[in-house]
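The primary structure of each chain is shown beneath.
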Amino acid sequence: MSEFTPISALIGGGIIGLAAVVLFLSIGKIAGISGIVSGVIASSQKGTLWRWLFVIGLIVGCFLSFSFSGISKPITPNSPTLYLIVAGLLVGVGTVVGSGCTSGHGVCGISRFSLRSLVATIVFILFGMLTASLVGAFA
Amino acid sequence: MIKNLAALVVGILFGVGLNISQMTNPEKVLAFLNVLGDWDPSLALVMVSALIVAGLGFIIAKKMKKPIFDSQFSWPNKTVIDKPLILGASLFGVGWGMVGLCPGPAIASLAAPSTEILLFLISMLVGMGIAKYITR
């Protein structure tokens, strides 16, 4: 059971959008998290410090959000070990091959009217819905 | 220095947004993706709200010559809809739908770490490494 939470969804989404805007207007970078993370692990790339700081910021920001308010902590996934490993691999491979994830294609891409990102987002949401519905039906 | 500080501040802001929106709750993400179940449309609103704010920002950016703390905007230049895009998005979608975690929320969730999150993240990094190696 999951409750519809429109207020926190709209506020949280607005903050995510604002973060993407501030990153682009301040240093001209797209806030695509899979790209930023895969840039950290590809050591041949120059200028990885800002990427590390962004990643550390994600963790710090999340920590601050539940430490000083009534907002709940991140919830531990309730999936079997095999699912966690396979899903992690698929998300890793898929976001590199497809050049982006929910933030890069879904938020930054669509909001600057990129057809390429719109197509990618429709594809990953459809496959996400198909998979979650199948897993949900047989679980 | 100021560029790195900006990245840290934005990361913090992004992490706050991810947790408030409950993208860091895999069950909630799955309740959005599982359209055959007890459907929770909350995440659609996260997307709508983020898109409106980001859309306004990009309109402002298009009127600017350069970002405030750097010499040029890194506008993505790819527009082609090719096989890697579709294949990658499909694989990512399947992984997202299996557990309910995408890269940002998975990393932000390290603020309340668990074996499950670590297992997912390590697999994700391995997957990224493999794909980087193959596609280089």
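First things first, this report covers the structure right here in the doc.

Description of the interface of chain A and chain B
- Counting from both sides, the interface comprises 104 residues of chain A and, opposite them, 104 residues of chain B.
- For the chain A and chain B pair, buried surface summed over both sides reaches about 9300 Å², with 78% attributable to carbon and sulfur atoms.
- Connecting chain A to chain B are one salt bridge.
- Here R116 of chain A and D82 of chain B are joined by a salt bridge, their closest N and O atoms 3.6 Å apart.
- The tally of links between chain A and chain B comes to 22 residue pairs in polar contact (both at pLDDT 80 or more).

Describing the packing of helix α6 (residues 115-138) of chain A against helix α4 (residues 83-99) of chain B
- In contact at an axis separation of 7 Å, α6 of chain A and α4 of chain B are set at 35° when each is read in the N-to-C sense. As α6 of chain A runs across α4 of chain B, the sense of the crossing is right-handed. Facing α6 of chain A, whose interface residues are R116, V119, A120, V123, F124, I125, F127, G128, T131 and A132 of chain A, α4 of chain B presents L85, I86, A89, S90, F92, G93, V94, W96, G97 and M98 of chain B.
- Of the residues in the contact of α6 of chain A with α4 of chain B, the class split is 14 nonpolar, five polar and one charged.

A look at the environment of I68 of chain B
- Looking at where I68 of chain B falls in the secondary structure, it is placed in the loop between α3 (42-63) and α4.
- C-alpha separation for the pair I68 of chain B and K3 of chain B, spaced 65 residues apart in sequence, amounts to 9.5 Å.
- Once residues within four sequence positions are removed from consideration, I68 of chain B is found in contact with L25 and S26 of chain A.

Points about the side chain of T102 of chain A
- Examined against the element boundaries, T102 of chain A turns out to sit in helix α5 (residues 102-111).
- Sequence-distant contacts of T102 of chain A, that is, excluding residues within four places in its chain, are made with V107 and F124 of chain A together with F92, W96 and C102 of chain B.

Describing the packing of helix α2 (residues 26-33) of chain B against α4 of chain B
Residue and element names in this part refer to chain B.
- Their axes nearest at 8 Å, the elements α2 and α4 cross at an angle of 120°. The angle between the axes of α2 and α4 places the two elements in the oblique class. From α2, P26, V29, L30 and L33 reach across to α4, where they touch W96, G97, M98 and V99.
- The residue makeup of the contact of α2 with α4, split by class, is seven nonpolar, one polar and no charged.

Calculation rules
Residues numbered from 1 in each chain as written. Chains lettered and ligands numbered in written order. Predicted model: local features only at pLDDT ≥ 70, side-chain atom pairs only at ≥ 80, totals over all residues. Heavy atoms only, no water. Contact = heavy atoms within 4.5 Å. Buried area = accessible area lost by both parts, 1.4 Å probe. Salt bridge = Lys/Arg side-chain N within 4 Å of Asp/Glu carboxyl O. Polar contact = N/O pair within 3.5 Å; in protein donor to acceptor, adjacent residues only side chain to side chain. Axes fitted to C-alpha atoms, helices over the stretch in contact; angles between N-to-C directions. Helix = DSSP H or I, 4+ residues; strand = E, 2+ residues; numbered from the N terminus. Left-handed = near helix turned anticlockwise from the far one by under 90°. Nonpolar A, V, L, I, M, F, W, Y, C, P; charged D, E, K, R; others polar. Parallel < 35°, antiparallel > 145°, perpendicular 65-115°, else oblique.

Read these as spatial facts, not as claims about activity.
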